[in-house]
Amino acid sequence: GRTGSLVVAELLDADYQVRALVHSEKSKKKLLEAYPKLSAENIVVADIQNKSSLKGVFAGCTAAVVATSAVPKLKAWSLLPFLLKKLIGKNGKLRFSWK
(Lines give C-alpha, C1' and ligand atoms only; values in the text may rest on other atoms or scores of the structure.)
Protein backbone atom coordinates (compact mmCIF):
# COMPACT_ATOMS: atom_id res chain seq x y z
CA GLY A 1 0.00 0.00 0.00
CA ARG A 2 0.91 3.63 0.14
CA THR A 3 2.45 3.59 3.61
CA GLY A 4 4.49 0.46 2.91
CA SER A 5 5.76 1.95 -0.36
CA LEU A 6 6.92 5.07 1.45
CA VAL A 7 8.73 2.93 4.04
CA VAL A 8 10.41 0.89 1.27
CA ALA A 9 11.55 4.09 -0.46
CA GLU A 10 13.09 5.49 2.73
CA LEU A 11 14.85 2.22 3.57
CA LEU A 12 16.25 1.83 0.06
CA ASP A 13 17.44 5.46 0.07
CA ALA A 14 19.26 4.71 3.33
CA ASP A 15 20.94 1.69 1.66
CA TYR A 16 19.15 -0.96 3.72
CA GLN A 17 18.53 -4.37 2.22
CA VAL A 18 14.75 -4.59 1.99
CA ARG A 19 12.38 -7.54 1.85
CA ALA A 20 8.82 -6.46 1.17
CA LEU A 21 5.66 -8.41 1.86
CA VAL A 22 2.71 -7.66 -0.44
CA HIS A 23 -0.76 -9.15 -0.75
CA SER A 24 -0.93 -9.64 -4.52
CA GLU A 25 1.11 -10.13 -7.68
CA LYS A 26 -0.28 -6.78 -8.88
CA SER A 27 1.23 -5.06 -5.81
CA LYS A 28 4.52 -6.85 -6.41
CA LYS A 29 4.63 -5.61 -10.00
CA LYS A 30 3.90 -2.02 -8.91
CA LEU A 31 6.68 -2.16 -6.32
CA LEU A 32 9.17 -3.54 -8.83
CA GLU A 33 8.30 -0.78 -11.29
CA ALA A 34 8.57 1.95 -8.67
CA TYR A 35 11.81 0.77 -7.05
CA PRO A 36 14.39 -0.70 -9.44
CA LYS A 37 16.80 -1.25 -6.50
CA LEU A 38 14.37 -3.87 -5.15
CA SER A 39 14.74 -7.35 -6.64
CA ALA A 40 11.80 -9.67 -7.35
CA GLU A 41 13.31 -12.22 -4.95
CA ASN A 42 12.95 -9.71 -2.11
CA ILE A 43 9.25 -9.12 -2.67
CA VAL A 44 7.10 -11.85 -1.16
CA VAL A 45 3.41 -12.31 -1.96
CA ALA A 46 1.63 -13.64 1.14
CA ASP A 47 -1.56 -13.29 3.18
CA ILE A 48 -0.85 -11.88 6.64
CA GLN A 49 -3.97 -13.62 7.93
CA ASN A 50 -2.68 -17.03 6.82
CA LYS A 51 0.14 -18.32 9.03
CA SER A 52 1.29 -20.93 6.54
CA SER A 53 1.83 -18.32 3.81
CA LEU A 54 4.20 -16.47 6.14
CA LYS A 55 6.42 -19.44 6.91
CA GLY A 56 10.03 -18.48 6.28
CA VAL A 57 9.21 -14.96 5.07
CA PHE A 58 11.17 -13.34 7.90
CA ALA A 59 14.08 -15.79 7.98
CA GLY A 60 17.35 -13.85 8.04
CA CYS A 61 15.70 -10.52 8.81
CA THR A 62 17.06 -8.44 11.68
CA ALA A 63 14.11 -6.04 11.84
CA ALA A 64 10.53 -5.72 10.61
CA VAL A 65 8.39 -2.68 9.90
CA VAL A 66 4.67 -3.42 9.96
CA ALA A 67 2.63 -1.11 7.73
CA THR A 68 -0.68 -2.94 7.59
CA SER A 69 -3.99 -1.28 8.27
CA ALA A 70 -7.40 -2.62 9.06
CA VAL A 71 -10.19 -1.55 6.74
CA PRO A 72 -13.58 -1.17 8.42
CA LYS A 73 -16.55 -2.81 6.76
CA LEU A 74 -19.99 -1.76 7.92
CA LYS A 75 -22.21 -4.57 9.23
CA ALA A 76 -25.34 -3.72 7.25
CA TRP A 77 -27.72 -5.05 9.93
CA SER A 78 -26.53 -2.30 12.32
CA LEU A 79 -27.65 0.52 10.04
CA LEU A 80 -31.42 0.29 10.61
CA PRO A 81 -31.31 0.31 14.46
CA PHE A 82 -28.79 3.16 14.31
CA LEU A 83 -31.04 5.29 12.08
CA LEU A 84 -34.17 4.51 14.11
CA LYS A 85 -32.45 5.61 17.33
CA LYS A 86 -31.29 8.81 15.64
CA LEU A 87 -34.90 9.54 14.60
CA ILE A 88 -36.09 9.40 18.21
CA GLY A 89 -33.14 11.39 19.54
CA LYS A 90 -31.16 8.53 21.07
CA ASN A 91 -27.57 7.55 20.49
CA GLY A 92 -26.82 4.39 18.58
CA LYS A 93 -23.74 2.64 17.34
CA LEU A 94 -22.89 1.37 13.92
CA ARG A 95 -21.14 -2.01 13.94
CA PHE A 96 -18.09 -2.88 11.88
CA SER A 97 -15.97 -5.86 11.04
CA TRP A 98 -12.36 -5.46 9.96
CA LYS A 99 -10.63 -6.70 6.84
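These numbers come from a predicted model, not from an experiment.

Some points on the overall build of the protein chain
- Each helix and strand in the protein chain was counted, giving four helices and four strands.
- Reading the helices (α) and strands (β) of the protein chain from amino to carboxyl end gives α-β-α-β-α-β-α-β.
- A compact globule built from 99 residues would reach a C-alpha radius of gyration of about 13 Å, whereas the protein chain, at 20 Å, exceeds it by more than 25%.
- Counting only C-alpha atoms, the protein chain reaches 60 × 30 × 25 Å along its principal axes.
- When burial is assessed residue by residue, the protein chain has 19% of its 99 residues classed as buried.
- Long-range contacts, defined here as pairs at least 24 residues apart, represent 40% of the contacts in the protein chain between residues at least 6 apart.
- Carbon and sulfur atoms provide 57% of the accessible area of the protein chain, an area that totals close to 8,100 Å².
- The centroid of the 17 positive side-chain charges in the protein chain is displaced by 21 Å from the centroid of its 7 negative side-chain charges.

A few points about the confidence of the model for the protein chain
- For the protein chain, per-residue confidence averages 90 on the pLDDT scale, and residues scoring 70 or more make up 97% of the total.
- Here strand S4 (residues 96–98) stands out as the element of the protein chain with the lowest mean pLDDT, 79, in contrast to helix H2 (residues 25–34), whose mean of 95 is the highest.

Brief notes about helix H1 (residues 2–13)
- If you check H1, its first and last C-alpha atoms are 17 Å apart, about what 12 residues at 1.5 Å a residue would give, namely 16 Å.
- Residues of H1 that are buried: Val8, Ala9 and Leu12. Projected onto a plane normal to the axis of H1, the buried residues spread over an arc of 100° and lie on a single side.
- The inward-facing, buried residues of H1 abut strand S1 (20–22).

A short note on the nonpolar core
- Val8, Ala9, Leu12, Val18, Ala20, Val22, Leu31, Tyr35, Leu38 and Ile43 together form the largest nonpolar core, which totals 10 residues.
- Elements with a contribution of two residues or more to this core: H1 and S1.
- For this core, the element with the highest residue contribution is H1, accounting for three residues.

Reading the values: the criteria
Residues numbered from 1 in each chain as written. Predicted model: local features only at pLDDT ≥ 70, side-chain atom pairs only at ≥ 80, totals over all residues. Heavy atoms only, no water. Helix = DSSP H or I, 4+ residues; strand = E, 2+ residues; numbered from the N terminus. Rg over C-alpha atoms; globule rule 2.2 N^0.38 Å. Buried < 20%, exposed > 50% of the residue type's maximum accessible area, 1.4 Å probe, protein only. Contact = heavy atoms within 4.5 Å. Areas by Shrake-Rupley, 256 points an atom, 1.4 Å probe, with all protein chains shown as cover. Lys, Arg positive; Asp, Glu negative; His and termini not counted. Charge placed at Lys NZ, Arg CZ, Asp CG, Glu CD. pLDDT = per-residue confidence, 0-100. Expected span 1.5 Å × (residues − 1). Arc of directions from axis to C-beta. Core = buried A, V, L, I, M, F, W, Y, C linked by side-chain atoms within 4.5 Å.

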